[in-house]
Amino acid sequence: MQPYDTQSIEKKWQQAWEEAGIFHAQNDSDREKFYCLVEFPYPSGQGLHVGHPRSYTALDIIARKRRMQGYNVLYPMGWDAFGLPTENYAIKNHIHPEIVTQNNIAHFKAQLQALGFSFDWSREINTTDPDYYKWTQWIFLQLFKKGLAYKKEMSVNWCTSCKCVLANEEVVGGVCERCGSEVVHKVKSQWMLKITEYAQRLIDDLDEVDYIERVKTQQKNWIGRSTGALITFHTNVDHDVTVYTTRPDTLFGATYMVLSPEYAPIEDWKREGLIQNVPAVEAYQQEAARKSDFERTEMAKEKTGVRLEGVAAVNPVTGENIPVFISDYVLVSYGTGAVMGVPAHDSRDWEFAKKFGLPIVEVVAGGNVQEAAFTDVETGVMVNSGFMTGMTVEQAKEAIKDYMTEKGFGQRKVNYKLRDWVFSRQRYWGEPIPIVHCEKCGYVPVPEDQLPLKLPMVDSYEPTDTGESPLAAIDSFVNTTCPHCGGPAKRETDTMPQWAGSSWYFLRYADPHNNTALASKEALAYWTPVDWYNGGMEHTTLHLLYSRFWHKFLYDIGVVPTKEPYARRTSHGMILGENGEKMSKSRGNVVNPDEVVAQYGADTMRLYEMFIGDFEKSAPWSTTSIKGCRRFVDRVWALQDLLNDEAGETPALQKALHRTVKKVTGDIEEMKFNTAIAAMMALLNEIDKVGSLSKTDYTTLLRLLSPFAPHVTEELWALMGGEGFCSVAPWPTYNEALCVDNEMEIAVQVNGKVRARVTLPADADQAAALAAAKQDEKIAAELAGATVVKEIYVKGKLVNLVVRK
RNA sequence: GCGAGUGUGGCGGAACUGGCAGACGCGCCAGACUUAGGAUCUGGUAUCUCCGAUGUGCAGGUUCGAUUCCUGUCACUCGCACCA
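A brief look at the structure comes next. All values derive from a computational prediction rather than experimental measurement.

## A closer look at the environment of D249
Piece 1. Assignment of secondary structure puts D249 in the loop between β12 (241–245) and β13 (256–259).
Piece 2. Note on D249: relative accessible area 0%, which makes it buried.
Piece 3. Between the C-alpha atom of D249 and that of M68, which follows or precedes it by 181 residues, the distance is 62 Å.
Piece 4. Residues contacting D249, with those up to four places away along its chain left out, are V364, M382, M388, V393, A396, K397 and I400.
Piece 5. Engagement of the side chain of D249 in a polar contact is seen with the side chain of R247, the distance being 2.9 Å.

Structure below.
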């Protein structure tokens, strides 16, 4: 037996697979397709992280198994290569981002190939390739034509360190998700995408897809649908104010009103001299504008505000005059930017009322509203509410909505927390937005036949302090002619966010070299939707939501044949450092995959990542545990010594073998890779106990293990004289009849405690089991002098005798 | 605060639909082979007051029977966070 040398074996087979093209998907095929996908990585300078292969190995196992089962499998890989780290690295080291990207990709690709993933490299894509981003730009133009891309002067999240606009989704806890620096507000003119137009469909169509529940709830919460009402209050300043509320039933308890400091009509009132305390109001407005998101969150503990002296509103049902305030606890960007204050039944309003000494009027009985706001909608009963008094909250909600509609001061309204997508970035390393601004014609799309609009080569791509994109400094790029009137015009200099290229990449894999469409209709009809998509939970409200939005848009304009891009979505847990903390350079707990492969081999690395624990949960890396997986591979290799004949099967092992095939086949589908591997380890223990193994059984085991440890099994397959590649050999089948025992061990309980075990033939019935149980010496002793009250028999499992002494 | 999830040996983790808790692996202990062992092989390994009892974060409940279902509670993780 030759020694097991991972280095030579793994290289050899990786090359052989690529040369034979056995992992290439076929576009014209009668076979059933299976499209499985993992999130393509951002090729960072740090190279592959041990977290990447967890997802890639899992779906590689599924892809390989499906191939062995005869499917036409598409398992592609590519590069999400636009992005800030590359640009920052380029600036620091004076290398063009394109070169940085090329180098990083080469490094990443070599690392991935060393792990033996069965990617179809002939379909490799790269979002920074002009032939690719041509279609990213094309999709943007379609959005623009349908009015779903628009430019808007607005307050945006501005990262002080990246000098760049961030989407709401990229601001975490008031700081930049990427660099952790402070995020402030800045008014800028930005390209926006109307994702809000799709809010309801993005919720509704979740019913049609098979996503793990966590992902569905997180998306629903993010979109944040709420049902309520718009209610209009008359004021003494001849300007009605409309508020949004989810609790119109509490209208009788509205004792004041609060406007956001940015509420636009306030400026008119100031100008018209309707507000008597303008200096105090303006001071508050300036203070609120100055605060960053982070400060606002921090200061959220205590309510602040200023009353608008001279302004009063009228509660439409009580007819009473109520005071009007401004306060930063009301957000200008949600609802109407104005709310009615019902201190008795909203905890924020309660705090505000206490601070400002406003009346607290109870309209839902059930709590003590002087002590705390009573917000329970399940048990409350209406009081002090005119015609609604005595109703439940639910009844009152409907009654008041009907009433206000009839009287004309209000209407039903659905609101979403989801905001439109800020699509502009003031950066160099992104897709140029293909729009030209003409003094006469306004925003004009670049004609489609001029795509791709390429990034110009420049010397400096440093961000400017003014907040302009580096592209703004390149006159030859900026100055152009209007495609519409031919007059002088200027190009848009903002670029797209990183999420653009990844919002449709899965479509490109279906037909990656097409230069007349993003992919042919036939290819899309055959391959979409993605059958199985695995990725990180951190992408649930970003990439996953954005790409569903784009896909739905492409469906609406007839480009793709399905409403939803992904039929099934699963998610993996993180791999933590050995100390149980997130891996990071600063914590010094990073594991380098190259070193693991060099020391143990790719097969061991793959096995360990799958064996480490429940796939959906995070798990700490262990440098000692991985040895167990290497031992397992060594023992599989050493089985060559136990081969004893040319004969068919090893009778003593038949049951164990068939059961293992069944277990592994099922576990892979449920992503229970850890128990699948455990089952194969148990089988190995069984084989060692028996002490001999037939070649037939050995090759069955090799095929079963092949998706997990493809190199060593391929080598052993060749040594056994197997036909073709083990990687595409038929998946082993099992005989159900051979999986069941002809004997069963039954636990015998007395009053729920196990007292004995009896062995019975598999076909024994209840009577036989009970009789055998009672004959057992120990049980007989237990039963002496007692009455059996109840006898329970669970087939194949246990007997429980309930006795009374 | 709201939403989602997780608590099982020294460690990572198993346990179908309520039916023998601790599969498999690591580590550890003992032995074998060795000049040697951080290699390999064999056996053992939840706890205790060890012929018995206890044990799946804690306290209850339902049940013949609960890691699994229900109620309450504590701790941790993740997401959102003044969304009216």
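Continuing now.
## Regarding the pattern of salt bridges
Piece 1. All told, the structure shown has 35 salt bridges when counted by the stated rule.
Piece 2. Residue E492 is joined to K151 by a salt bridge in which the shortest nitrogen-to-oxygen separation is 2.8 Å. Placement of the pair is E492 in the loop between β24 (488–491) and α14 (505–508) and K151 in strand β5 (residues 149–159), with a sequence separation of 341 residues.
Piece 3. Between K552 and E564 there is a salt bridge whose closest N-O contact spans 2.8 Å. Placement of K552 in helix α16 (residues 543–556) and of E564 in the loop between α16 and β26 (568–571) is noted, with a sequence separation of 12 residues between them.
Piece 4. On the basis of relative accessible area, E564 is assigned to the buried category, the value being 6%.

## Re the packing of helix α18 (residues 602–611) against helix α19 (residues 625–638)
Piece 1. Remark: α18 packs on α19, axes separated minimally by 9 Å, with the N-to-C direction vectors making an angle of 125°. In this view, α18 runs oblique relative to α19, as classed from their interaxial angle. In this structure, the crossing between α18 and α19 has a hand that is right-handed. Together, T604, L607, Y608 and F611 of α18 and S625, I626, C629, R630, F632 and V633 of α19 make up the contact between the two elements.
Piece 2. Split by residue class, the contact of α18 with α19 holds seven nonpolar, two polar and one charged.

## A short note on the pairing of β12
Looking along a regular strand, one sees side chains alternate from face to face of the sheet.
Piece 1. Among the five residues in β12, four count as buried, and that is most of the element.
Piece 2. Between the antiparallel neighbours strand β11 (residues 225–235) and β12 lie five residues, among them D238 with a positive phi of about 65°.

## Examining helix α17 (residues 593–600)
Since there are 3.6 residues in each turn of an α-helix, residues three or four apart along the chain are aligned in direction.
Piece 1. Along α17, the residues classified as buried are P593, V596, V597 and Y600. Here the buried residues of α17 occupy an arc of 95° about the axis, which is enough to place them on one side. In α17, the exposed positions that point more than 90 degrees away from the buried face belong to E595 and Q599.
Piece 2. As for α17, its buried residues are in contact with α1 (6–20), α18 and α19.
Piece 3. The N-cap residue of α17 is N592: its side-chain oxygen and the backbone nitrogen of D594 are 2.9 Å apart.

## Topic: the sheet that holds strand β9 (residues 183–193)
Piece 1. Spatial ordering of the open sheet is given by β6-β5-β9-β20, a layout of four strands whose pairing is antiparallel. Each edge of the sheet is formed by a strand with only one pairing partner; in this case those strands are β6 (164–166) and β20 (421–422).
Piece 2. Pairing between β9 and β20: two bridges, direction antiparallel. Among the inter-strand pairings, M192 is bridged to a residue of β20, identified as V422.
Piece 3. Helix α5 (residues 130–145) contacts β5 and β9 of the sheet and is inclined by roughly 85° relative to β9.

## Comments concerning empty space enclosed by the protein
Piece 1. Scanning all chains against the criterion turns up two cavities of 30 Å³ or more.
Piece 2. What the largest cavity holds in volume is close to 220 Å³.
Piece 3. Mapped by element, the contributors of at least two residues to the lining of the largest cavity are α3 (84–93) and β6.
Piece 4. Within the lining of the largest cavity, the residues separate by chemical class into 10 nonpolar, four polar and six charged.
Piece 5. What the second largest cavity holds in volume is close to 30 Å³.
Piece 6. Around the second largest cavity sit L653, L657, L683, I687, L693, D697 and L701, which together line it.
Piece 7. Counting only elements with at least two residues in the lining of the second largest cavity, the list comes to α21 (673–690) and α22 (695–705).
Piece 8. Residue composition of the lining of the second largest cavity, grouped by class: six nonpolar, no polar and one charged.

## Thoughts on the protein's contact with RNA strand B
Piece 1. Close contacts around RNA strand B come from 51 residues, with T246, R348, K417, R757 and N800 the closest.
Piece 2. Counting only the atoms of RNA strand B that lie within 4 Å of the protein, the sugar and phosphate share comes to 62%.
Piece 3. One of the backbone N or O atoms of L331 is found 2.9 Å from a base nitrogen in RNA strand B.
Piece 4. Contact distances for RNA strand B include 3.1 Å between a sugar or linking oxygen and a side-chain N or O atom of T624.
Piece 5. Looking at the surface near RNA strand B, the elements that each hand over two or more residues are α7 (213–223), β12, α19, α21, β29 (743–750), β30 (753–761), β31 (787–794) and β32 (798–804).

## Topic: the packing of α18 against helix α23 (residues 710–719)
Piece 1. Direction vectors running N to C along α18 and α23 enclose 130°, while the axes themselves pass 7 Å from each other. Put simply, α18 runs oblique to α23. Listed contacts from α23 to A602, D603 and R606 of α18 are P710, H711 and V712.
Piece 2. Considering only residue class, the contact of α18 with α23 consists of three nonpolar, one polar and two charged.

## As for the sheet that holds strand β23 (residues 479–481)
Piece 1. If you walk across this open sheet you meet the four strands as β22-β21-β24-β23, and the pairing is antiparallel. Single-partner strands in this sheet number two, and they are β22 (442–445) and β23. On average, each strand axis in the sheet is inclined to that of its neighbour by 45°, with strand direction left out of account.
Piece 2. Of the strand pairs in this sheet, β23 and β24 are connected by three bridges, and their pairing is antiparallel. Across the sheet, residue T480 finds its bridge partner in β24, namely A489.

## Observations concerning the nonpolar core
Piece 1. Counting residues in hydrophobic clusters, the biggest one holds 170 residues, and the most contacted among them are F140, W421, L518, W550, W621, F673 and F708.
Piece 2. Among the elements that take part in this core, α5 stands out by supplying nine residues, more than any other.
Piece 3. Setting aside anything within four residues of it in sequence, one finds F673 in contact with A58, I61, I62, M610, F615, I668 and F708.
Piece 4. By size, the runner-up hydrophobic cluster in this structure holds 51 residues, among which are V324, L358, I360 and F409.

## Some points on unusual backbone geometry
Piece 1. With an omega dihedral of 0°, the bond running from L451 to P452 counts as a cis peptide bond.
Piece 2. Tracing the sequence through the fold places P452 in the loop between β22 and α13 (475–478).
Piece 3. At the junction of T528 and P529, the peptide bond is cis and its omega measures out at -5° in the coordinates.
Piece 4. Positive phi, normally seen in glycine, also occurs at H94, with a value near 55°.
Piece 5. Here H94 shows up in the loop between α3 and α4 (97–113).
Piece 6. The class of H94 is exposed, set by a relative accessible area of 69%.
Piece 7. Even without a glycine there, the phi angle at D238 is positive, about 65°.
Piece 8. Relative to the helices and strands, D238 is located in the loop between β11 and β12.
Piece 9. On the basis of relative accessibility, which here comes to 76%, the residue D238 falls in the exposed class.

What counts and what doesn't
Residues numbered from 1 in each chain as written. Chains lettered and ligands numbered in written order. Predicted model: local features only at pLDDT ≥ 70, side-chain atom pairs only at ≥ 80, totals over all residues. Heavy atoms only, no water. Helix = DSSP H or I, 4+ residues; strand = E, 2+ residues; numbered from the N terminus. Buried < 20%, exposed > 50% of the residue type's maximum accessible area, 1.4 Å probe, protein only. Contact = heavy atoms within 4.5 Å. Polar contact = N/O pair within 3.5 Å; in protein donor to acceptor, adjacent residues only side chain to side chain. Salt bridge = Lys/Arg side-chain N within 4 Å of Asp/Glu carboxyl O. Axes fitted to C-alpha atoms, helices over the stretch in contact; angles between N-to-C directions. Parallel < 35°, antiparallel > 145°, perpendicular 65-115°, else oblique. Left-handed = near helix turned anticlockwise from the far one by under 90°. Nonpolar A, V, L, I, M, F, W, Y, C, P; charged D, E, K, R; others polar. Pairing = 2+ DSSP bridges. Arc of directions from axis to C-beta. 1 Å grid on protein atoms, 1.4 Å probe; cavity = no way out; pocket = protein on both sides within 12 Å on 5 of 7 lines; lining within 4 Å. Points joined across faces, edges and corners; volume = space filled by probe spheres on them. Near = heavy atom within 4 Å. Core = buried A, V, L, I, M, F, W, Y, C linked by side-chain atoms within 4.5 Å.

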